[in-house]
Amino acid sequence: MNAPARPAPDGAFFAPAHDETLWSDAPRITGHTVADSDGYDVKFVQVWLRPPRASEISGFGRTPRPIPDRAPDIAFHNVGDAPPLGFWHFHPRIEAFEVAYDEDDGSAWWVRAWLRPAP
């Protein structure tokens with residue numbers, strides 16, 4: 001008997017090599033994969049979120065956190081397949097983030113993230 005197919009991820013993006021506990025330590029993430037990208041020096045990350053996905057973690061109406069006075073710790077990008085904005089806002093290890101979109105068609109996006117200092 002075949003196992004049921006896994007649903008499409010709630011977010012998929014590229015990132016440099018990083019500590020994968022960034023995904024397993026977040027309570028809203030129910031599953032994740034991190035794989036090499038063919039021919040590129042980045043990882044391909046997929047995340048599955050605990051329902052309700054969009055309404056619970058939309059992040060709208062939340063006050064953005066101030067950007068620290070240092071370079072971002074990690075950057076994520078893709079064309080399409082962006083997680084809801086609140087994914088970054090409510091992630092317990094992300095101190096602050098900035099989102100940018102492609103000015104031509106808006107489907108390409110980038111997130112620069114500053115991680116919380118280790119306790």
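Residues numbered from 1 in each chain as written. Predicted model: local features only at pLDDT ≥ 70, side-chain atom pairs only at ≥ 80, totals over all residues. Heavy atoms only, no water.

From N to C terminus, the protein includes three helices and six strands. Listing the helices and strands of the protein from first to last along the sequence gives β-α-β-β-α-β-α-β-β. Expressed as a percentage of the 119 residues in the protein, the buried residues total 31%. Carbon together with sulfur atoms contributes 54% to the accessible area of the protein, which is approximately 7500 Å² in total. (Helix = DSSP H or I, 4+ residues; strand = E, 2+ residues; numbered from the N terminus. Buried < 20%, exposed > 50% of the residue type's maximum accessible area, 1.4 Å probe, protein only. Areas by Shrake-Rupley, 256 points an atom, 1.4 Å probe, with all protein chains shown as cover.)

Below, the discussion takes up unusual backbone geometry. Although it is not a glycine, Asp-81 sits at a positive phi angle of roughly 55°. Considering the arrangement of structural elements, one finds Asp-81 in the loop between strand 4 (74-79) and helix 3 (85-90).

In this section: the nonpolar core. Judged by nonpolar contacts, the single largest core of 18 residues is most densely connected at Phe-13, Trp-23, Ile-29, Val-47, Phe-76, Phe-87 and Trp-88. At the level of secondary structure, the elements contributing two or more residues to this core comprise strand 1 (11-15), helix 1 (21-24), strand 3 (40-49), strand 4, helix 3, strand 5 (94-101) and strand 6 (108-115). (Core = buried A, V, L, I, M, F, W, Y, C linked by side-chain atoms within 4.5 Å.)

In this section: the pattern of salt bridges. One pass over the full model with this rule turns up six salt bridges. Close ionic contact of Asp-19 with Arg-93 constitutes a salt bridge, the shortest N to O distance being 3.9 Å. Of this pair, Asp-19 sits in the loop between strand 1 and helix 1 while Arg-93 sits in the loop between helix 3 and strand 5; the two residues are 74 residues apart in sequence, bridging distant segments of the chain. In this structure Asp-19 comes out as partly exposed when scored by relative accessible area, which is 45%. (Salt bridge = Lys/Arg side-chain N within 4 Å of Asp/Glu carboxyl O.)

What follows deals with the pairing of strand 2 (residues 29-37). Where strand 2 meets strand 3, eight bridges bridge the pair, whose relative direction is antiparallel. Across the sheet, the residue bridging to Gly-31 is Trp-48, located in strand 3. Here strand 2 hands over to strand 3 after two residues, with Gly-39 in that stretch at a positive phi of 75°. (Pairing = 2+ DSSP bridges.)

Now for the packing of aromatic side chains. As enumerated under the stated definition, the model contains 11 aromatic pairs in all. Relative to Phe-76, the ring of Trp-23 lies with its centre 5.7 Å away and its plane at 65°, an arrangement referred to as edge-to-face. Taken together, the positions of Trp-23 in helix 1 and Phe-76 in strand 4 put the pair 53 residues apart, joining distant regions of the chain. We note that Trp-23, like Phe-76, is buried. One aromatic cluster is present, built from ring pairs that chain together Phe-13, Trp-23, Phe-76, Phe-87, Trp-88 and Trp-109. Looking at Arg-28, its charged tip hangs above the ring of Phe-90, at a distance of 5.4 Å from the centre. (Phe/Tyr/Trp six-rings, centres within 6.5 Å; stacked < 30°, edge-to-face > 60°. Lys NZ or Arg CZ within 6 Å of the ring centre and 35° of its normal.)

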